[in-house]
Amino acid sequence: MTSARDELRSLAGFGETFDQPSRRLRALQLEAARECFAAHRERIPLLRRRADEVGVKEIGAEADIVPLLFSHTSYKSYPLNYITSGRWDGLLRWYSTVSVVEPGEVDVTGVTDIDDWIARLDAAGHRLYITSGTSGKVSFLNSVEADRALLWDVMANLTCWPRPLPPERTRRGYILTPAAGPMRSIDGFRMHADLFVTEGALRLLTDEPLRVSELMRTGLLRKKMTDGTATPQEVKEFESASGERGGEMQATFDALIDDITEHRREPLFIAAMNNQQYALMQGMRARGVPDGEFHPDSLVLAGGGNKNNVLPDDYPQQLAAFYGDVRRIRSYGMTELQGSCPACEKGNYHVPPWVLPLILDEPGETLLNESEGTVEGRFAFLDVSLEGRWGGLISGDRVRVNFGDCECGRSGPAVLPDITRYGDLGGDDKITCAATLDSYVRGMIQA
Amino acid sequence: MSGATLSGTENPAGNTAEPTPVAHVVQGEVDHGAAVVHGRPGEEFRTPALDLDRLVWPRSQAGPAFDVPTSEIVDLLVETGLHLKDDTYGLLAEALEHMTAVSPLPAEVLERAYALLWRSFQRPGILAQIDNELGGADVLDGWREVVLPDGRVAGIRAFPPRLVHILAGNAPGVAAQSIVRGAITKGVNLLKLPSNDLFTATAVLRTMAAVAPGHPIVRSFSAAYWRGGDTAVESVLFRAQFFDKLVAWGGEGTIRGALKYIGPGFELVSFDPKTSISVIGEQAFASEKALREAAEAAATDATFFNQAACVASRFQFVEGPVENADRFAAALCERMGVAREFSSAGGPKVDAELREEIEVLRGLEDDYRVWGGYDGHGLVIRSPEPVEFHPDGKVVNVIPVPSLADAIRYAGVATQTVGVYPAARKVELRDALASAGVQRVVTLGMAGGMPPGLSHDGFYPLQRLMRWVNDE
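With respect to the overall build of chain B
So, step 1. Each helix and strand counted, chain B has 15 helices and 20 strands in total.
So, step 2. The globule rule puts the C-alpha radius of gyration for 472 residues at 23 Å, and the 24 Å found for chain B is close to it.
So, step 3. Taken along its principal axes, the extent of the C-alpha atoms in chain B is 70 × 70 × 50 Å.
So, step 4. Residues counted as buried form 49% of the 472 residues belonging to chain B.
So, step 5. In chain B, of all internal contacts separated by at least 6 residues, the share reaching a separation of at least 24 is 72%.

A few points about the overall build of chain A
So, step 1. When helices and strands are counted, chain A shows twelve helices and 15 strands.
So, step 2. On C-alpha atoms alone, chain A measures out to a radius of gyration of 22 Å, which is about the 22 Å that the 2.2 N^0.38 rule sets for 447 residues.
So, step 3. Principal-axis analysis of the C-alpha atoms places the extent of chain A at approximately 60 × 55 × 50 Å.
So, step 4. Residues classed as buried in chain A amount to 44% of the 447 residues present.

A word on helix H12 (residues 315-323) of chain A
Residue and element names in this part refer to chain A.
So, step 1. Buried within H12 we find Pro316, Phe322 and Tyr323. Taken around the axis of H12, the buried residues stretch over an arc of 135°, which confines them to a single face. Projecting away from the buried face of H12 at angles above 90 degrees are the exposed residues Gln317 and Ala321.
So, step 2. Elements in contact with the buried residues of H12: helix H11 (274-286), strand E6 (299-303) and strand E7 (327-328).
So, step 3. Once H12 finishes, Gly324 follows within two positions and takes phi at roughly 65°, a positive value.

Things to note about the environment of Val399(A)
All names here are of chain A.
So, step 1. Mapping Val399 onto the fold places it in strand E13 (residues 392-402).
So, step 2. The class for Val399 is buried, based on 24 C-beta atoms found within 10 Å.
So, step 3. In the structure, Val399 is positioned 24 residues away from Val375 in sequence and 8.2 Å away in space, judged by C-alpha atoms.
So, step 4. In contact with Val399, other than residues within four places in its own chain, are Phe379, Val415 and Ile419.

Examining the confidence of the model for chain B
So, step 1. Averaged over every residue, the pLDDT of chain B is 92; the share at 70 or more is 96%.
So, step 2. Note on residues 1-16 of chain B: pLDDT is under 50 here. Beyond four places in sequence and across chains, it has 32 contacts.

Observations concerning the pairing of strand E7 (residues 153-159) of chain B
All names here are of chain B.
So, step 1. Across four bridges, strand E6 (residues 144-147) lies against E7 in antiparallel orientation. Looking across to E7, one finds that Val146 is bridged to Ala154.
So, step 2. Taking the residues between adjacent antiparallel strands as the criterion, E6 and E7 are bridged by five residues, where Gly151 takes a positive phi near 95°.
So, step 3. As paired elements, E7 and strand E20 (residues 467-471) share five bridges and run antiparallel to each other. By the bridge assignment, Ala158 is partnered in E20 with Trp468.

Focus: unusual backbone geometry
For residues besides glycine, phi is generally negative; the peptide bonds are generally trans as well.
So, step 1. Look at the link from Trp161(A) to Pro162(A): it is a cis peptide, with omega at 10°.
So, step 2. Secondary-structure assignment places Pro162(A) in the loop between helix H7 (145-158) and strand E3 (171-175).
So, step 3. With an omega dihedral of 0°, the bond running from Gly412(A) to Pro413(A) counts as a cis peptide bond.
So, step 4. Position of Pro413(A) relative to the elements: it lies in the loop between E13 and strand E14 (414-415).
So, step 5. Although it is not a glycine, Phe305(B) adopts a positive phi angle of roughly 45°.

Concerning the sheet that holds strand E4 (residues 36-38) of chain B
Residues and elements named next belong to chain B.
So, step 1. Here three strands make up an open sheet; going across it, the order is E1-E5-E4 and the pairing mixed. Each edge of the open sheet is held by one strand with a lone partner, namely strand E1 (20-21) and E4.
So, step 2. Looking at chain direction, E1 and strand E5 (residues 45-47) are connected through two bridges and run parallel. Among the inter-strand pairings, Pro21 is bridged to a residue of E5, identified as Arg46.

Description of the pairing of strand E10 (residues 221-224) of chain B
Residue and element names in this part refer to chain B.
So, step 1. Burial of E10 is two-sided: the residues Phe221 and Ala223 facing one way and the residues Ser222 and Ala224 facing the other way are all buried.
So, step 2. Bridge count for strand E9 (residues 188-192) against E10 is four bridges, and the pairing is parallel. When the sheet's bridge partners are listed, Asn189 is paired in E10 with Phe221.

Details of helix H10 (residues 252-259) of chain B
So, step 1. For H10(B), the set of buried residues is Thr254(B), Ile255(B) and Ala258(B). Across the axial projection of H10(B), the buried residues extend over an arc of 95°, all falling on one side.

With respect to the sheet that holds E6(B)
Residues and elements named next belong to chain B.
So, step 1. Taken together, the three strands give an open sheet; going across it, the order is E6-E7-E20, and neighbouring strands pair in antiparallel fashion. In this open sheet, the two edge strands, each paired with only one partner strand, are E6 and E20. Between one strand axis and the next, the sheet turns by 30° as a mean value, whatever way the strands run.

A few points about the environment of Tyr78(A)
Residues and elements named next belong to chain A.
So, step 1. Mapped onto the elements, Tyr78 comes out in the loop between helix H3 (45-54) and helix H4 (80-84).
So, step 2. Sequence-wise, Tyr78 and Gly292 are 214 residues apart; in three dimensions their C-alpha atoms are separated by 47 Å.
So, step 3. Ignoring any residue separated from it by four or fewer positions in sequence, one finds Tyr78 in contact with Leu91 and Trp94.

Some points on the packing of helix H2 (residues 91-102) of chain B against helix H7 (residues 200-211) of chain B
All names here are of chain B.
So, step 1. For the pair H2 and H7, the least separation of the axes is 9 Å and the interaxial angle reads 170°. Taken together, the axis directions place H2 and H7 in an arrangement best described as roughly antiparallel. Facing Leu91, Leu92, Glu94 and Ala95 of H2, the residues of H7 in contact are Thr200, Ala203, Arg206 and Thr207.
So, step 2. When the residues that make up the contact of H2 with H7 are grouped by side-chain class, the tally is four nonpolar, two polar and two charged.

So, the packing of helix H1 (residues 70-86) of chain B against helix H4 (residues 123-134) of chain B
Residue and element names in this part refer to chain B.
So, step 1. H4 packs onto H1 with a crossing angle of 145° between their chain directions and a minimal axis gap of 10 Å. The element H1 and its partner H4 pack so that their crossing is right-handed. From H1, Thr70, Val74, Leu77 and Val78 reach across to H4, where they touch Arg123, Ile126 and Ile130.
So, step 2. Residues that form the contact of H1 with H4 fall into these classes: five nonpolar, one polar and one charged.

Reading the values: rules and limits
Residues numbered from 1 in each chain as written. Chains lettered and ligands numbered in written order. Predicted model: local features only at pLDDT ≥ 70, side-chain atom pairs only at ≥ 80, totals over all residues. Helix = DSSP H or I, 4+ residues; strand = E, 2+ residues; numbered from the N terminus. Rg over C-alpha atoms; globule rule 2.2 N^0.38 Å. Buried ≥ 20, exposed ≤ 12 C-beta atoms within 10 Å, placed from the backbone. Contact = placed C-beta atoms within 7 Å. Arc of directions from axis to C-beta. pLDDT = per-residue confidence, 0-100. Pairing = 2+ DSSP bridges. Axes fitted to C-alpha atoms, helices over the stretch in contact; angles between N-to-C directions. Parallel < 35°, antiparallel > 145°, perpendicular 65-115°, else oblique. Nonpolar A, V, L, I, M, F, W, Y, C, P; charged D, E, K, R; others polar. Left-handed = near helix turned anticlockwise from the far one by under 90°.

This is the structure in structure tokens:
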């Protein structure tokens, strides 16, 4: 008998992924949620403890999932001193409480640094994806081969949905992120390249992998600063090291811009984070490239949002105008959710069938889901496809979700445009004299 | 992965509840206008429109109370205190009713805090501030003679300032204390209300106005709400032409926002946002009685205003082996679920994000141990090092240290108060703590309620508020 989870996962592999009759879909999702909870509570101690505490033994209704949702916090809740003092077994023990990893299946003897530790997990079949927030602390999200297989299916069948791009290796490719590393966007770019780029025609900005220990320097320095143990020299070195890396990379980056400029009228594949896309556009503009000169079969991928607001507000419009009529992906998503919610012809973001959206009130306690109509609230979800970790997550986004039929003619649910982060709605102007230590670490190192 | 456009508009979904009415006080007169709606959906409140011209006192004229004798001001404050104690005009009761809607504190804590507001208006406390911080009222009322090294005689005066106060709302005493200080200065005072306490300052000012209608001190105060950081208001008002000093009570965002207006002639007096800790010596384990005493005192300090205040202890360092820390943690947790003058037995549920952090630690036994639950009755975490999150909402982190001296490295520039058990051990620690950045060393259990006339956040507030002028 096929499980409900398998049935939902299999929808990634055929053309009507986003056109499932909603009543049947929701019943199937609930069944999958049951399966998923039953499987994960055995393997993920944090989920088990939460379930015991709130008294949820099985999923009877969507509302039962709400108290079981995690937030981003869980995935970065490790004590930093496990890393600073090289307690890799401690870190593994932590990781095994938030994922399906069993401490016994990973050998951490002789681990040298966090990248090495991540490599050991990888060797044991656990692919770890990181996300970095403004706190400087990195989240660790576990996935397994089956999770990556789903991603591959999504990319092979649904890239540029609703007008999916045939997976033909016909493009000259450029990836501007590090060549490898535990980030879903990097894996995603590489998979896209394997599907859409001519063999041997892929150029990388750097062969260096992304090093998590480098990324974590910010968080570690922050800790030293709150501890009061960072020296002025360390702060200076931190700041100038960031500058130097930028310098070395610039020469390669310039060469890539020249190459892209030369081949811009051919079908290309260009994948980069938004800040690199913006820099790339500026570089090409400086070389006299006007808007809209790219081949319509070119695939341009961007990611990462506008971290730290370094880009102008209108960067999406600028990039859209510059690339003109190429193939791009418009979607709403996050690393925590498998695949993402691609935009239909009407600009609404369709939630993939393996993701059960759970719209909550602002505190994240009450389920607002309806069977029809539009609901506004905090976006949370259970991704029933996930094998490597519990897929129930509460986000910081305020969304409106249409549970009824979309204007595009497909059935819902779809997240409507105008997504806001609750954090961006502005503080509530509640002033207190009590502080966190963070107030005393000046903004400059909040990279 | 590609980012969706994250621009949005305010929540159009209307909330059916009527916005809470908020009064302003403008130069002593109450304004009940209801022109502007503020606040996030579900927490809306309605205030009068701001008349910016009426929120300043032109420099071309002396402030209303510049020449009022200090003794008269002290009398007025004391009289106001008596009427606050009895709530003669029912204004505190009215404020309290609305406060429960905007304050995160439980009603019973607010009630007890309101019932004790009058304490800030007691004569001995007021005189202690004047005497300890200024050396007496003579320098407020006239020119104090000082003999210079060359034998000449000069005069100095603590001249009334023009002040904008950015009030904090986590404890109602902040408003009371600001009004007392502002009155003693004889200066003009604009109080910016925080959204978590829109009522205490105006209730006190209105009580004072009822006690002495039209009194120059009454006319020297305004209290109004605008959204903190609203440039349409702040870039206009925060100018040397109108005010001498910005007096900010915490609120990192507010202080950072105000910094761009600070410049020649417009100074920042900041009660910085702070955090507090405790250190518990091995003497706490000499007997069961000592342990109970230490745990009770530590719980008192940790739960002050249900831990919403800067003086509330969050990290407690316990001398000796981990077994001591565990015994202490268990005793402490038990005492945190007890109602006190400024705390309730229960309290707000532990914030969801914090709860997740703690849940994970529960899974890392040996290194970590957790007592209590998330229901607001108190929770204690024992860890080998201070946790990286901010314990809040009646959550205390207990850390074993070989000796109290080893706890000093965890104190820093953000640490305001350090409670010490037993009191006798303050002497061996206080210099090192001060050197680390600590502002206040107290006997454990005494963190709440700073005595009037002592320094606050490393300075004498009254002295900082005055404008010191010479006649040489």
